[in-house]
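Below are the chains, spelled out letter by letter.
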Amino acid sequence: MAFELPALPYANDALEPHIDTRTMEIHHGKHHAGYTSKLNGAVEGTEMEGKSIEDLLANHTDNGAVRNNGGGYYNHNLFWEVMSPNGGGEPSGDLAEAINSAFGSFDEFKTAFSNAAATRFGSGWAWLCVHPGGKVEVCSTPNQDNPLMPDVGCGGTPILGLDVWEHAYYLNYQNRRPDYINAFFNVINWSKVAEYYSAGK
């Protein structure tokens, strides 16, 4: 079964003014669609065909096309899901406890995550990951790499990701990446992140 571009869980304009409509149209309809198509092309007719995206990322990233396009496919799938027009605020329950335990407070987590996103040179992602047992960690990866891949410098299961490629924000924010990072916190769907946390721990 070929990988398919998932529909957005909200309208293209739903995250305004934090993420603009035109960026959403291009980001989902062009960039994510392109990664999906190229991933299918990379695995078609090979021993990788039919494997899950998680299997591909864990075991087949020595193939550059799978690494770049598989990462792009997986990362964006997560990215759309952890945002919501009703997002923002702070997490609660077990996730909040894990964040407070790891970072001291939500504000300290926000600082660590924002720094990971702001200091990622060039293109890449900032992540909040969960390890078996429930411990959480913030890290960043270059390009379309993610923590499911071996030897990227951080591990665990991604439960929150922020795309800091210029195509994610440049139409609206130009070179003001910190403004885009701050805006992201207004649309985080913490209930969805908590679902991922529960599943990943």
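**Regarding the environment of methionine 83**
And then number 1: Structurally, methionine 83 is set in the loop between helix H3 (64-81) and helix H4 (93-103).
And then number 2: Judged by relative accessible area, methionine 83 falls into the buried class, the value being 1%.
And then number 3: With 110 residues separating them along the chain, methionine 83 and valine 193 place their C-alpha atoms 9.2 Å apart.
And then number 4: Filtering out sequence-adjacent residues up to four positions away, methionine 83 remains in contact with Tyr10, Leu15, Ile19, Phe184, Val187 and Asn189.

**Some details on the nonpolar core**
And then number 1: Judged by nonpolar contacts, the single largest core of 60 residues is most densely connected at Phe109 and Leu160.
And then number 2: Not counting the four nearest positions on each side in its chain, phenylalanine 109 is found in contact with Ile99, Phe103, Leu128, Val138, Leu160, Phe185 and Trp190.

**What to know about the packing of H4 against helix H5 (residues 106-118)**
And then number 1: Following both chains from N to C, one finds H4 and H5 inclined at 70°, their axes separated by 8 Å at the closest point. Viewed along their axes, H4 and H5 adopt a mutual orientation that is roughly perpendicular. Only Phe106, Glu108, Phe109 and Ala112 of H5 make contact with H4, whose side of the interface consists of Ile99, Asn100 and Phe103.
And then number 2: Split into classes, the residues belonging to the contact of H4 with H5 amount to five nonpolar, one polar and one charged.

**Thoughts on the packing of H4 against helix H8 (residues 190-200)**
Describing two packed helices takes the angle between their axes plus the distance from one axis to the other.
And then number 1: It is at 9 Å that the axes of H4 and H8 come closest, and there the two elements cross at 80°. Accordingly, the angle class assigned to the pair H4 and H8 is roughly perpendicular. In this structure, H4 contributes Asp94, Leu95, Ala98 and Ile99 to the contact, and H8 contributes Trp190, Val193, Ala194 and Tyr197.
And then number 2: Here the contact of H4 with H8 is composed, by residue class, of seven nonpolar, no polar and one charged.

**Section: the state of the cysteines**
And then number 1: Within this structure, the stated rule accounts for one disulfide.
And then number 2: For cysteine 139, the disulfide goes to cysteine 154, at an S-S distance of 2.2 Å. Between cysteine 139 and cysteine 154 the disulfide shows an S-S torsion of about 60°. By sign, it is right-handed. Of the two residues, cysteine 139 is situated in strand E2 (residues 136-142) and cysteine 154 in the loop between E2 and strand E3 (157-163); the sequence distance between them amounts to 15 residues. Of the two residues, cysteine 139 and cysteine 154, both sit in the buried class.

**What about the packing of aromatic side chains?**
And then number 1: Enumeration over the complete set of coordinates arrives at 17 aromatic pairs.
And then number 2: Ring geometry for phenylalanine 109 versus tryptophan 190: centroids 6.1 Å apart, planes at 70°, classification edge-to-face. Placement of phenylalanine 109 in helix H5 and of tryptophan 190 in helix H8 is noted, with a sequence separation of 81 residues between them.
And then number 3: The buried category is assigned to phenylalanine 109, whose relative accessible area is 0%.
And then number 4: Every member of this aromatic cluster is reached through a ring pair, and the members are Phe79, Trp80, Phe103, Phe106, Phe109, Phe113, Trp125, Trp127, Phe184, Phe185 and Trp190.
And then number 5: The side chain of lysine 192 reaches across the aromatic face of tyrosine 196, ending 5.9 Å from its centre.

Parameters at a glance
Residues numbered from 1 in each chain as written. Predicted model: local features only at pLDDT ≥ 70, side-chain atom pairs only at ≥ 80, totals over all residues. Heavy atoms only, no water. Helix = DSSP H or I, 4+ residues; strand = E, 2+ residues; numbered from the N terminus. Buried < 20%, exposed > 50% of the residue type's maximum accessible area, 1.4 Å probe, protein only. Contact = heavy atoms within 4.5 Å. Core = buried A, V, L, I, M, F, W, Y, C linked by side-chain atoms within 4.5 Å. Axes fitted to C-alpha atoms, helices over the stretch in contact; angles between N-to-C directions. Parallel < 35°, antiparallel > 145°, perpendicular 65-115°, else oblique. Nonpolar A, V, L, I, M, F, W, Y, C, P; charged D, E, K, R; others polar. Disulfide = S-S within 2.5 Å. Phe/Tyr/Trp six-rings, centres within 6.5 Å; stacked < 30°, edge-to-face > 60°. Lys NZ or Arg CZ within 6 Å of the ring centre and 35° of its normal.

What is shown is where atoms sit, not what they do.
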